[in-house]
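Close look at the chain arrangement
Single-letter residue listing:
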Amino acid sequence: MLLAVRDLTVALPIGGRLVPIVESVSFTLGAREILGIVGESGSGKSVTSLAIMGLIDVPGARISGSVRFRGRELVGLAPRAYRALRGREIAMIFQDPMTAFTPVYTVGRQIDEQIRAHQKISRSDARARTVRLLGDMGVPDPERVAGRYPHQLSGGLRQRAMIAMALSCNPALLIADEPTTALDVTVQAQILDLLRGLRRDYGSSVLLITHDMGVVAETCDRTLVLYSGLVAERGPTGALFAQPGHPYTAALLDSIPPLHGPRPARLPSIPGSPPAPAGRPAGCPFAPRCAYVHDSCAVRPPLVACGEQDVACVLPAEGRPLPPRFVAEMSA
Amino acid sequence: MTYRVGRGQVLRALDGVSLAVRPGEVLGLVGESGCGKSTLGRCLLRLVQPSGGRVVFDGTDITMLPERRLRPLRQDMQMVFQDSYAALNPRRRVGDLVAEPLRVHPAPSGGRRSRGEIAARLAELMDLVGLPQTALERYPHEFSGGQRQRINIARALALSPRLVVADEPVAALDVSIQAQIVNLFMDLRDRLGLTYVFVAHDLAVVRQISTRVAVMYLGAIVELGEADAVLHHPAHPYTAALIAAVPEPVVRTQGLPPPLRGDVPSPIAPPPGCRFHTRCPVVRERCRVDPPLLRALPDGRDVACHYPLVEERAGP
């Protein structure tokens with residue numbers, strides 16, 4: 001197993017006390033696998049990825065549980081050891097490529113530097129590799145693009161350049177945090193196509209963090225749904241979308257307006273809004289908004305097997321799992 | 001609509017766009033960033049001054065109307081913006097914010113509205129958008145994004161406008177909240193007989209709310225017609241590519257279509273001929289030189305393409 005996360009809890013000091021932002025998150029990621037972590041804002045998906053990368057530098061933050069990468073424990077790893085790992089074995093790409101590049105150097109120079117920071121090769125060899133990487137990422141005329149500054153590139157090209165930089169040292173794990181959120185759909189489709197190709201061409205595993213269920217459906221082998229800092233459901237993407245086991249997953253999918261088939265007169269929406277971490281209920285965090293809420297939801301439900309998924313809900317254990325989801329036929 | 005962008009260059013954000021908004025309809029404006037959909041929405045309300053052409057609202061040409069004469073008309077046309085927080089002054093209470101248009105504009109009788117009238121209207125508006133009366137005493141930061149957008153909608157509706165231009169009103173919201181606000185827009189239209197121009201990049205949201213849809217690319221309308229016709233059987237190759245690119249929350253059994261190549265060209269130097277020809281999967285020689293005009297197809301929609309994908313299909 002490339003990455004095994006067990007009971008990861010991240011607590012940050014808020015208003016004088018430690019508030020758990022992410023609680024007991026567990027999942028595994030195998031070689032050449034794409035795992036999607038999906039959730040709405042405040043669900044803890046970015047905090048989870050930052051914790052894996054060792055990038056939570058809030059004074060007083062407490063990270064517990066276990067993150068094993070290639071068998072090595074990362075929780076509590078010294079900053080120096082983490083630095084050697086980041087960029088070389090684990091790389092990260094973000095929503096805004098402008099934050100990954102400094103505006104004062106050309107894109108090519110920054111990728112060259114990244115390569116030379118981790119490997120002893122000459123400048124010209126590094127540049128040759130940079131140009132090849134940019135070409136592999138579908139950048140037209142990569143030599144010319146390498147000589148340009150970040151602001152001179154379109155959003156799509158910048159995102160490709162950032163992915164090229166992330167892949168420059170052949171990382172085993174790529175963490176992509178909302179990599180297509182700032183892009184237009186036609187460009188998003190290109191970048192998702194690129195991410196799907198990475199495991200084939202580079203043997204990389206990808207942890208894809210997104211709020212977009214459509215992006216997950218089209219890209220990820222397995223999916224983890226977070227709600228209010230806790231795992232609501234996890235499992236193979238196909239099964240999870242065909243028959244969601246958690247009422248939150250089902251309601252979230254229902255609230256997305258369909259692009260095909262009949263238009264619903266009203267969109268099924270989820271009443272209310274997610275709780276803040278400090279105000280999370282003691283029981284199931286989704287209970288106040290759930291259509292199936294009943295007495296047993298007052299105790300926090302453990303993850304239980306339900307079909308091919310694991311679901312943090314009492315319904316499957318009570319013998320009344322959710323029905324399969326109705327999906328309208330797509331026109332050709 | 002043109003903007004000067006320095007070095008003598010001109011950005012033509014809108015290039016010869018013509019369209020009519022029918023009373024009671026929801027016209028969706030879709031397209032990728034830079035296509036001019038927001039600029040068009042703003043031109044309609046004359047929040048920006050178009051550099052050419054005419055904007056006629058309810059029989060009155062408002063293109064050159066002085067601000068003094070435009071102001072009474074503004075009661076009839078309001079706008080809702082994407083950033084619900086930026087649109088609300090953080091130092092004022094919700095009650096003050098929503099009451100502002102009621103204080104600025106005279107009552108239908110001509111005089112100023114009394115305190116009692118304003119209070120009664122505020123109470124009505126809170127009910128209309130599904131906020132508790134206590135919201136009036138609170139400040140914008142105390143609300144979630146979805147609730148703040150309800151406040152913005154209440155303010156836009158304060159003067160009972162007939163036309164509301166909404167520019168990406170749900171783009172910044174989480175999906176579960178987005179559905180609540182889309183439903184609210186639809187309920188309000190039914191209850192108040194409103195007309196909307198709904199600007200959005202999300203095709204599924206636009207389909208849900210719109211009666212007609214205009215698809216824009218690089219400052220021009222490439223396709224305009226009934227929402228279901230345009231989105232189920234697109235005539236323009238760009239519309240088809242846009243629909244195919246939307247990631248859907250459904251795991252497909254067959255492979256995905258190949259994505260459209262390249263980026264949107266710069267509007268400062270749009271390509272000659274058809275604007276879409278540099279990315280069009282079915283481009284032919286004529287498209288490179290001869291710009292297609294928007295023309296009606298037998299089924300009633302308009303399309304700007306020499307070789308539309310549905311030409312043979314007459315009628316819906």
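These numbers come from a predicted model, not from an experiment.

Another point: the state of the cysteines. Residues and elements named next belong to chain A. Evaluation of the coordinates by the stated rule reveals zero disulfides over all chains. We note that cysteine 290 lacks a disulfide partner, and the nearest cysteine sulfur, in cysteine 297, lies 6.2 Å from it. Take cysteine 290: its relative accessible area is 14%, and that puts it in the buried class. Cysteine cysteine 306 remains unbridged, with the sulfur of cysteine 313 as its closest cysteine sulfur at 8.2 Å.

What follows concerns the pattern of salt bridges. Under the defined criterion, the tally for this structure stands at 34 salt bridges over all chains. Here aspartate 310 of chain A and arginine 234 of chain A are joined by a salt bridge, their closest N and O atoms 3.1 Å apart. Of this pair, aspartate 310 of chain A sits in strand 12 (residues 309-311) while arginine 234 of chain A sits in strand 10 (residues 230-236); the two residues are 76 residues apart in sequence, bridging distant segments of the chain. Of the residues examined, aspartate 310 of chain A reaches a relative accessible area of 25% and is grouped as partly exposed. For arginine 92 of chain B, the salt bridge identified is with glutamate 100 of chain B, shortest N-O distance 3.2 Å. One salt-bridge network, in which partners are shared between bridges, spans Glu23, Arg280 and Arg300 of chain A.

Let's shift gears to the UniProt feature "domain: ABC transporter" (unreviewed entry) in chain A. The sites that UniProt annotates as "domain: ABC transporter" (unreviewed entry) are residues 3-253 of chain A. Spanning residues 3-253 of chain A, this segment combines 41% helix with 27% strand, and its end C-alpha atoms are found 28 Å apart.

Residue-level contacts link 40 residues of chain B with 49 residues of chain A. In total, chain B and chain A occlude about 3800 Å² of area from one another, counting both sides; carbon and sulfur atoms represent 54% of this. When residues of chain B are sorted by the area they lose upon contact with chain A, Arg207, Pro247 and Pro249 of chain B head the list and together hold 17% of the total. Taken together, the links from chain B to chain A amount to two salt bridges. The partner of aspartate 228 of chain B in a salt bridge is arginine 263 of chain A, with the nearest N and O atoms 3.5 Å apart. Run the count over chain B and chain A and you get 22 residue pairs in polar contact (both at pLDDT 80 or more). At the level of secondary structure, the elements contributing two or more residues to the side of chain B that touches chain A comprise helix 6 (175-192), helix 7 (203-209), helix 8 (227-232) and helix 9 (237-245) of chain B. Looking at the side of chain B that touches chain A element by element, the count peaks at ten residues for helix 6 of chain B.

Another point: the layout of surface pockets. Residues and elements named next belong to chain B. Considering only enclosed or pocket space, the second largest pocket measures out at about 740 Å³ in volume. Lining the second largest pocket are 30 residues; nearest its centre among them are Leu19, Val21, Leu44, Val55 and Val56. When contributions to the lining of the second largest pocket are tallied by element, the ones reaching two or more residues are helix 1 (37-44) and strand 4 (56-57). Tallying contributions element by element places helix 1 first for the lining of the second largest pocket, with three residues. Its residues placed into classes, the lining of the second largest pocket shows 16 nonpolar, eight polar and six charged.

Another point: empty space enclosed by the protein. As enumerated under the stated definition, the model contains three cavities of 30 Å³ or more in all. Put simply, the largest cavity is a space of about 90 Å³. In terms of lining, the largest cavity is formed by 13 residues, of which the most central are Pro247, Cys284, Cys290, Cys297 and Cys313 of chain A. The residue inventory of the lining of the largest cavity, partitioned by class, reads eleven nonpolar, two polar and no charged. The computed volume of the second largest cavity comes to approximately 70 Å³. Along its surface, the second largest cavity is lined by His236, Pro237, Cys274, Phe276, Cys280, Val282, Cys287, Pro292, Cys305, His306 and Tyr307 of chain B.

Further remarks concern the pairing of strand 2 (residues 17-29) of chain A. Residues and elements named next belong to chain A. Pairing geometry for strand 1 (residues 3-14) and strand 2, over nine bridges, is antiparallel. Paired with leucine 8 across the strands is valine 25, a residue of strand 2. Here strand 1 folds back onto strand 2, and the loop between the two strands holds two residues, one of which, glycine 15, carries a positive phi near 55°.

A separate point is the sheet that holds strand 7 (residues 173-177) of chain A. Residues and elements named next belong to chain A. Spatial ordering of the open sheet is given by 6-7-8-3-9-10-12-11, a layout of eight strands whose pairing is mixed. This sheet does not close on itself; its edge strands, each paired only once, are strand 6 (90-93) and strand 11 (304-306). Between one strand axis and the next, the sheet turns through 20° on average, direction left out of account. In this structure, strand 3 (residues 34-38) lies alongside strand 8 (residues 205-210), joined through five bridges in parallel fashion.

Reading the values: rules and limits
- Residues numbered from 1 in each chain as written.
- Chains lettered and ligands numbered in written order.
- Predicted model: local features only at pLDDT ≥ 70, side-chain atom pairs only at ≥ 80, totals over all residues.
- Heavy atoms only, no water.
- Disulfide = S-S within 2.5 Å.
- Buried < 20%, exposed > 50% of the residue type's maximum accessible area, 1.4 Å probe, protein only.
- Salt bridge = Lys/Arg side-chain N within 4 Å of Asp/Glu carboxyl O.
- Helix = DSSP H or I, 4+ residues; strand = E, 2+ residues; numbered from the N terminus.
- UniProt positions renumbered as here; feature names shortened; annotations may be inferred.
- Contact = heavy atoms within 4.5 Å.
- Buried area = accessible area lost by both parts, 1.4 Å probe.
- Polar contact = N/O pair within 3.5 Å; in protein donor to acceptor, adjacent residues only side chain to side chain.
- 1 Å grid on protein atoms, 1.4 Å probe; cavity = no way out; pocket = protein on both sides within 12 Å on 5 of 7 lines; lining within 4 Å.
- Points joined across faces, edges and corners; volume = space filled by probe spheres on them.
- Nonpolar A, V, L, I, M, F, W, Y, C, P; charged D, E, K, R; others polar.
- Pairing = 2+ DSSP bridges.
- Axes fitted to C-alpha atoms, helices over the stretch in contact; angles between N-to-C directions.

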